[in-house]
Amino acid sequence: MTEAALQAYLHIADWPTGDAVAEMIANQSQAADAVAKVSASLACAADEAAARLGRQGRLIYAGAGTSGRIGVQDGVELGPTYGWPKERMVFLMAGGQIALMQAVEGAEDDHAKGMEEVQSLHLTPSDVVIGLAASGSTPYTIGVIEAARAAGALTIGLANKLPAPLCQAAEIGILIETGAEVIAGSTRMKAGTAQKIALNVLSTAIMIRLGFVYEGRMVAMQISNRKLLARANAMIVELTGCQEEQAAVALEQAGRNIRMAILLVKGWTLDQAKADLDQWAGNLAAVLQANPS
């Protein structure tokens, strides 16, 4: 259905621009509804991924074209937002890095290349591979998923139409049926929007399960500018009830590690805060539950 030309939109080029824009927005809104229908599958995938990743597993996104770029966009934000280590993040894009900026002819059709790139990563059962393809049949992405699953990694496949060999190849296949687009075949629209929503939800749920969120706040975020420094200080004040000056001092003593600073304010020594966070893999809630005041 993603390739179908809908009768209602055959003459959209002749419509007033305002009408065309309004219809495209209305059509895009269906993406969220489609993702809502697979919420249970996304939750299952998040739980399985968090259980696999543990302290060492890598999170790997794979795709071609729009789907690949959406995967990169989701993954690169996990570092600054949740402190996810760069060395535990991998992107497999059909056509390589150049394909992020321009189309690489034929790259998505190379099934063997997808398998080859996975084999070079020496995957383990702790790794999690997320493959995305609106069509559900992109050879490169299927090659990635097949090789990753054979290596014992957890594989998650997201597609937008049937038949979806990608979903069949993955251990967890999630079909987000978005139907035909306003512009026939332009899966950068509704299908792409659905993939973005699904990845936002999936990766955030994984980070929550790994303990990088505390009381609805990004306590593992990386502080890279003045805005984020101010946000971090405010977060410490809100979560501990301390004064702003105390929060600022603790944050600097902790090397701008928010979770460690919170523990310092609560009475931990620096060495004990480091040890406890290491023991509980950075999960602030677990540390506090294990050491009730």
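What this report covers is the structure whose coordinates are included nearby.

Criteria and cut-off values
Residues numbered from 1 in each chain as written. Predicted model: local features only at pLDDT ≥ 70, side-chain atom pairs only at ≥ 80, totals over all residues. Heavy atoms only, no water. Helix = DSSP H or I, 4+ residues; strand = E, 2+ residues; numbered from the N terminus. Buried < 20%, exposed > 50% of the residue type's maximum accessible area, 1.4 Å probe, protein only. Contact = heavy atoms within 4.5 Å. Lys, Arg positive; Asp, Glu negative; His and termini not counted. Charge placed at Lys NZ, Arg CZ, Asp CG, Glu CD. Pairing = 2+ DSSP bridges. Right-handed = clockwise from strand over helix to strand, strands pointing away.

### A look at the overall build of the protein chain
Item 1. Helices and strands together make up the secondary structure of the protein chain, namely 14 helices and five strands.
Item 2. Judged by the C-alpha coordinates and their principal axes, the protein chain covers about 65 × 50 × 35 Å.
Item 3. Each of the 293 residues in the protein chain was classed as buried or not, and the buried ones make up 47%.
Item 4. For the protein chain, contacts bridging at least 24 residues in sequence account for 65% of all contacts bridging at least 6.
Item 5. Computed over 22 positive and 29 negative side-chain charges, the separation of the two mean positions in the protein chain equals 6 Å.

### Examining the pairing of strand β1 (residues 59-63)
Item 1. The element β1 is largely enclosed, with a buried count of five among its five residues.
Item 2. Neither face of β1 is left uncovered, since the one carrying Leu59, Tyr61 and Gly63 and the one carrying Ile60 and Ala62 both have all their residues buried.
Item 3. Sheet topology note: the β1/strand β2 (residues 89-93) ladder contains five bridges and is parallel. Of the residues in β2, the one forming a bridge with Gly63 is Met93.
Item 4. Of the strand pairs in this sheet, β1 and strand β3 (residues 128-133) are connected by five bridges, and their pairing is parallel. In the strand pairing of β3, Leu59 is matched with Val128.

### Quick notes on the pairing of strand β4 (residues 154-159)
Item 1. With six of its six residues buried, β4 lies for the most part within the structure.
Item 2. Side chains Leu154, Ile156 and Leu158 of β4 all project onto a buried face; the interleaved residues Thr155, Gly157 and Ala159 project onto the opposite face, where all are buried too.
Item 3. As defined by bridge partners, β3 adjoins β4 across six bridges and the pair is classed as parallel. Of the residues in β4, the one forming a bridge with Ala133 is Ala159.
Item 4. After leaving β3, the chain enters helix α7 (residues 139-150) and then returns to the sheet as β4, a path that is right-handed.

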